[in-house]
Structures are given as C-alpha cells and as structure tokens.
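Each chain, letter by letter, is given below.
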Amino acid sequence: MSECAESPKRCCPSVSRSGTVPAAQTAVAAGSGTEGPPARLISIKGGIAVTGTNTPLLREDGEGPARTHRLRPYRIDPHAVTNAWFNRFIEATGYRTDAERFGWSLVFYAFVPEGTEVQSVVETPWWLKVQGADWAHPSGPQSSLDGLEDHPVTHVSWRDATAFAEWAGGRLPTEAEWEHAARAGRQNAIFPWGETEPTDEAPLCNIWQGRFPHDNTLADGYFATAPVDSFAPNANGLYNMAGNVWEWCADAFRIRSVGGRARHANRAAAAQGMKLLKGGSYLCHKSYCYRYRIAARTSASADSSTGHMGFRLVFDG
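Let me begin by describing the structure that accompanies this report. Quick caveat, the model's predicted, so the values are computed rather than measured.

**Some points on the sheet that holds strand S4 (residues 74–76)**
With antiparallel pairing, 3 strands are arranged side by side in an open sheet as S1-S4-S14. Pairing within the sheet leaves two strands with one partner each, and these edge strands are strand S1 (42–44) and strand S14 (314–316). For this sheet, the mean angle separating the axes of adjacent strands, direction not counted, is 30°. Of the strand pairs in this sheet, S4 and S14 are connected by 3 bridges, and their pairing is antiparallel. Bridge pairing links Arg75 to Phe315 in S14. Strands in contact with helix H5 (residues 175–183) are S1, S4 and S14; relative to S4, the strand with the most contacts, it is inclined by about 70°.

**As for a negative patch on the surface**
Taken together, the side chains of Asp146, Glu149, Asp150 and Asp229 present a region of like negative charge at the surface. For Glu149, the location among the structural elements is in the loop between strand S7 (127–131) and helix H4 (158–168).

**As for the sheet that holds strand S10 (residues 246–252)**
Taken in spatial order, the 4 strands line up as S12-S11-S10-S13 in an open sheet, and their pairing is mixed. The outermost strands of the open sheet, each flanked by one partner alone, are strand S12 (298–301) and strand S13 (309–310). Inspection of the sheet shows S10 paired to S13 by 2 bridges, in the parallel sense. Note that in S13 the partner of Trp246 across the bridge is Met309.

**Concerning the packing of aromatic side chains**
In this structure the tally under the stated criterion is 25 aromatic pairs. Between Phe89 and Phe164, the aromatic rings sit 5.3 Å apart at their centres with planes inclined by 75°, giving edge-to-face as the arrangement. You can see Phe89 sitting in helix H2 (residues 83–93) and its partner Phe164 sitting in helix H4, a full 75 residues away along the chain. Given the relative accessible area of 0%, Phe89 is considered buried. Members of the aromatic cluster, joined through ring pairs, are Phe108, Tyr109, Phe111, Trp126, Trp127, Trp208, Phe212, Phe223, Tyr282 and Tyr288. Of note, Arg40 hangs over the ring of Trp85, and the distance from its end group to the ring centre comes to 5.3 Å. Note that Lys129 overlies the ring of Trp104, its terminal NZ or CZ placed 4.5 Å from the centroid.

Thresholds applied
Residues numbered from 1 in each chain as written. Predicted model: local features only at pLDDT ≥ 70, side-chain atom pairs only at ≥ 80, totals over all residues. Heavy atoms only, no water. Pairing = 2+ DSSP bridges. Helix = DSSP H or I, 4+ residues; strand = E, 2+ residues; numbered from the N terminus. Axes fitted to C-alpha atoms, helices over the stretch in contact; angles between N-to-C directions. Contact = heavy atoms within 4.5 Å. Patch = residues over 30% accessible without salt bridge, like charges linked within 9 Å, V, L, I, M, F, W, Y side chains within 5 Å. Areas by Shrake-Rupley, 256 points an atom, 1.4 Å probe, with all protein chains shown as cover. Salt bridge = Lys/Arg side-chain N within 4 Å of Asp/Glu carboxyl O. Lys, Arg positive; Asp, Glu negative; His and termini not counted. Charge placed at Lys NZ, Arg CZ, Asp CG, Glu CD. Phe/Tyr/Trp six-rings, centres within 6.5 Å; stacked < 30°, edge-to-face > 60°. Buried < 20%, exposed > 50% of the residue type's maximum accessible area, 1.4 Å probe, protein only. Lys NZ or Arg CZ within 6 Å of the ring centre and 35° of its normal.

Below, the structure written as structure tokens:
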C-alpha cells in the first residue's frame, strides 16, 4: 500500500475566507441570456452504474463501499470548461468569481513570482494565499491567460461553477454520472483508460513526475495545466478525466460508512459546506496524493478556489 494510502494528505486545501464575506452571487446578471450547449457533447446511456470501490485505498476519503445507481441518459462535455469559454460567460454576464470578490486565491508556490507577499497554508505550505490571484490572473495580479485560452479554467469555486452551468444551460455532474462516464463501460477500471498504472517515465495523464513538491521532471510535458484535449481520451471520448485539474461535482461531500469517525467527519463537512471533487490534478503523485483513480475523491468548501480546481458540465437528455 502506498504512503498516501497509509497517511492520506489533503490535495485541495479548504481555507476559510476570513473577514467580511461577500454575498454569494449564485445567479447570472439579469438580461444576460444563456449560451446553448456545445455541439461536441457526448451522449451517455442511462442504466445501472457503479460508484466507488470495495477495495478502497483511501478509506478516510469515503472511496468505499461500491454503490449502485440508476442513471437517466445524459450528455457530457468531453472537455473541462476552458478559459476562453469562461471568459465568454464573464463578458456576457458581468459575473465576479469568489476569488475576485474575496480578493485572493491559492497558488502553488512554484508559480508565484519572487517578492510577492503571500501567506502559506499550515497543512499544505506549498499552497500560498496570493492577493489578486483569480481565474484571469492564475499566478497573481501580474499574470495573464496569454497562451492558456484552451486550458481549463482554474481558481473557480463550486459556486462559480454552478453559476456558469446555469448560464450554459447545463449543470455539474453527480459523482455517479462522473464515474460512470469515466469508466466507459469498464466496471472494474481503475483509471479512465483501464488498469495500466501511470509512472514517472510514462505518466499517461497530466500528473506530477518526481519527488513532490520540489522536483518535477516534466516527463508529461506540463508543469501546470495542459490544454483540455491533451492526452488520449477514454473509450467514451472524454479527455483528462484523470489529472490536469480537479473537477467540481454537484454532490455535497459525504463518507458512506456507519462508523463513528465517519459520522463525525460528515457532520463537520456539512457544517463547512464541503463539496465533492473528482479526478485529481497536475499536482497528484502516488507517493503523496494517489487520487487520480476513478474511485478517488476529495472535498473543499463551496467558496474555495485554487490553481488546480476546475470543472466540466453535463446536460440532461
């Protein structure tokens, strides 16, 4: 069992936004209209689907037990939402993200310019609180999206993703829908492509290679995010269901266990408004965060934002 399985560590820091809390902007601006679904959507058949696993590696995350669900047919975007698409939403609605309204977001230390005033996160000191970091300025106020138009949008909270989905006419996927689409008909698949384990020499997806958090060999060609159509798609034609960015799901985070520890964790998660994320990110590595498996999961509060959180949409019918 990996080190991560024995002592799981947080992938997505959930840092309380202190001070005056802006009112949640959950709806798009009046009269802004909506943008219809993109033509590239992939249809997923309904029916019985399996979520989770009976052989969990990170029990504390609630990976098990395996559960069955009956799903209606739905359509899913093969790509995560890009910076370019999110920019159209901002221009059409005037929406301001949580990071913009709070004035800061969390940036991985290696991307922060020297001399920037920052605060570190106690449990994960490689995450730095950077004033002026947001979706359009992913490393801080001096950065931009130049050359990143086809990369997944980051520094978006669950509330931001939900607002975008409303404008786009879609919604965030449930965990069951996300896993069903990622497995692509392979009930026992560990990864979206099957059971082959990524390695530092053959990453297969955009994750960390080397010793986290200081040495990355960049064998996959990317230090941070990659374009949303990078790497081979799964059998459903979906890209980056493992690695690149964590993807928000519609679900509140909950551990399905009858134990006292799980009940305590669920009460705390509910009190903090924790939401579910799936898929892992470019910062995952088996030695630290073995969460780029389909059954893996993590959580963050609905107003959290970081440089490795994004989302994709599903559409009914």
